[in-house]
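These are the residues of each chain, in order.
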Amino acid sequence: MAPRSRKTTPENLTSKQSETNATTFQQHTPQTMKKHLRCDYCNYTTDRKSSLDAHVSTHTGEKPYSCQYCNYRSSRKYLVKDHEMIHTGDKPHKCQFCNYRAILKTQVEKHKRKHQEDKPFKCKVCGYSSKWQSAIFSHMRVHNKDKYVVNCDLCGYTTLHNSRLKTHMQKHRGGKPFQCDQCTFTCGYQSNLYTHKKKKHGNTTTAS
């Protein structure tokens, strides 16, 4: 008579069998079964069709969502909603320390640093610190001048920033490419247009 097989219980499982069963269980948990939608172009996976559609558009270039006020288009609906507030003037996010308002919460968070004394972002080469990480990136050019320096072809002007060189070149061209969308004012620098609109029209928005 063949020996009766023992019933498998947690007590008589070998450590090898326990590991195997645990692995099998993990492979079928909701967390691992959740991401069942896969991109046809890469290994991206998600559990939401809307996220997959938005991701696929990065491969196809499709932008199905459009602004109702201008020609702006995007692959993500929420970006269009944020953009449309430029036209409507809505600024749902407000600074808790002053009357500053903005379209995006991240803009308010960045603004709030003006009210704070701490400077959490620091240069790894010297003691320079700033409230903004972007300022650190810009500052690092000082330590890498040979890599970032750019020169004007018409005079001896040099700078570490391409944007400043473009602004400088306006002096040689004598042009005024920036025009106010609310009056006939024109200028050679975008910063001047910003100041003009703030003083004359009480806003700083530009035409879309």
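- Where an unreviewed UniProt entry is consulted, the protein appears under the name C2H2-type domain-containing protein, with the organism given as Cordylochernes scorpioides.
- Heading Sequence similarities (unreviewed entry) of the UniProt record for the protein holds this comment: "Belongs to the snail C2H2-type zinc-finger protein family."
- According to the UniProt record, the Subcellular location (unreviewed entry) comment for the protein is "Nucleus".

## Some words on the environment of Cys98
Link 1 in the chain: Mapping Cys98 onto the fold places it in the loop between β5 (93–94) and β6 (101–102).
Link 2 in the chain: On the basis of relative accessible area, Cys98 is assigned to the partly exposed category, the value being 24%.
Link 3 in the chain: Sequence-distant contacts of Cys98, defined by excluding residues within four places in its chain, comprise His111 and His115.

## Comments concerning the confidence of the model for the protein
Detailed reading of predicted coordinates is not advised where the pLDDT is low.
Link 1 in the chain: The share of residues in the protein with pLDDT of 70 or more is 79%, and the mean pLDDT across the chain is 78.
Link 2 in the chain: In this model, residues 21–30 is a region of pLDDT below 50 whose contacts with residues beyond four sequence positions or in other chains number 5 contacts.

## Quick word on helix α9 (residues 190–201)
Link 1 in the chain: Its 12 residues give α9 an end-to-end C-alpha distance of 16 Å, which sits within 8% of 16 Å, the value for a rise of 1.5 Å per residue.
Link 2 in the chain: Taken together, the buried residues of α9 touch β11 (178–179) and β12 (186–187).
Link 3 in the chain: One or two positions beyond α9, positive phi appears at Gly202, with a value near 75°.

## Quick word on the UniProt feature "domain: C2H2-type" (unreviewed entry) in the protein
Link 1 in the chain: When the UniProt feature table is mapped onto this chain numbering, "domain: C2H2-type" (unreviewed entry) sits at residues 37–64, 65–92, 93–120, 121–148 and 150–177.
Link 2 in the chain: Here residues 37–64 runs as 43% helix and 14% strand, with 20 Å between its end C-alpha atoms.
Link 3 in the chain: Counting secondary structure, residues 65–92 comes out at 43% helix and 14% strand; the distance between its end C-alpha atoms is 22 Å.

## A closer look at the layout of surface pockets
Link 1 in the chain: Estimates place the volume of the second largest pocket at around 270 Å³.
Link 2 in the chain: Lining the second largest pocket we find 15 residues, and of these Ser50, Asp53, Ala54, Tyr65 and Ser75 sit closest to its centre.
Link 3 in the chain: Mapped onto the lining of the second largest pocket, the elements with two or more residues apiece are α3 (49–60) and α4 (77–88).
Link 4 in the chain: Grouping the constituent residues of the lining of the second largest pocket by class yields 5 nonpolar, 5 polar and 5 charged.

## What about the environment of Glu84?
Link 1 in the chain: Structurally, the position occupied by Glu84 is in helix α4.
Link 2 in the chain: Along the sequence, Glu84 and Ile103 sit 19 residues apart, while their C-alpha atoms lie 9.8 Å from each other.
Link 3 in the chain: Aside from chain neighbours lying at most four places away, what touches Glu84 is Ser66, Cys67, Gln68 and Tyr69.

## What to know about the pattern of salt bridges
Opposite charge on two side chains allows them to pair when their charged atoms are near.
Link 1 in the chain: According to the stated counting rule, one finds 3 salt bridges in the structure shown.
Link 2 in the chain: Lys49 is the salt-bridge partner of Asp53, the closest N and O atoms lying 3.0 Å from each other. Placement of the pair is Asp53 and Lys49 together in helix α3, with a separation of 4 residues, close to one helical turn.
Link 3 in the chain: Under the relative-accessibility criterion, Lys49 is labelled exposed at 57%.
Link 4 in the chain: Here Lys112 ties to Glu109 by a salt bridge, and the two come within 3.6 Å at their closest N and O atoms. Of this pair, Lys112 and Glu109 both sit in helix α5 (residues 105–112), separated by 3 residues, roughly a single helical turn.
Link 5 in the chain: Take Glu109: its relative accessible area is 38%, and that puts it in the partly exposed class.

Quick notes on the rules
Residues numbered from 1 in each chain as written. Predicted model: local features only at pLDDT ≥ 70, side-chain atom pairs only at ≥ 80, totals over all residues. Heavy atoms only, no water. UniProt positions renumbered as here; feature names shortened; annotations may be inferred. Helix = DSSP H or I, 4+ residues; strand = E, 2+ residues; numbered from the N terminus. Buried < 20%, exposed > 50% of the residue type's maximum accessible area, 1.4 Å probe, protein only. Contact = heavy atoms within 4.5 Å. pLDDT = per-residue confidence, 0-100. Expected span 1.5 Å × (residues − 1). 1 Å grid on protein atoms, 1.4 Å probe; cavity = no way out; pocket = protein on both sides within 12 Å on 5 of 7 lines; lining within 4 Å. Points joined across faces, edges and corners; volume = space filled by probe spheres on them. Nonpolar A, V, L, I, M, F, W, Y, C, P; charged D, E, K, R; others polar. Salt bridge = Lys/Arg side-chain N within 4 Å of Asp/Glu carboxyl O.

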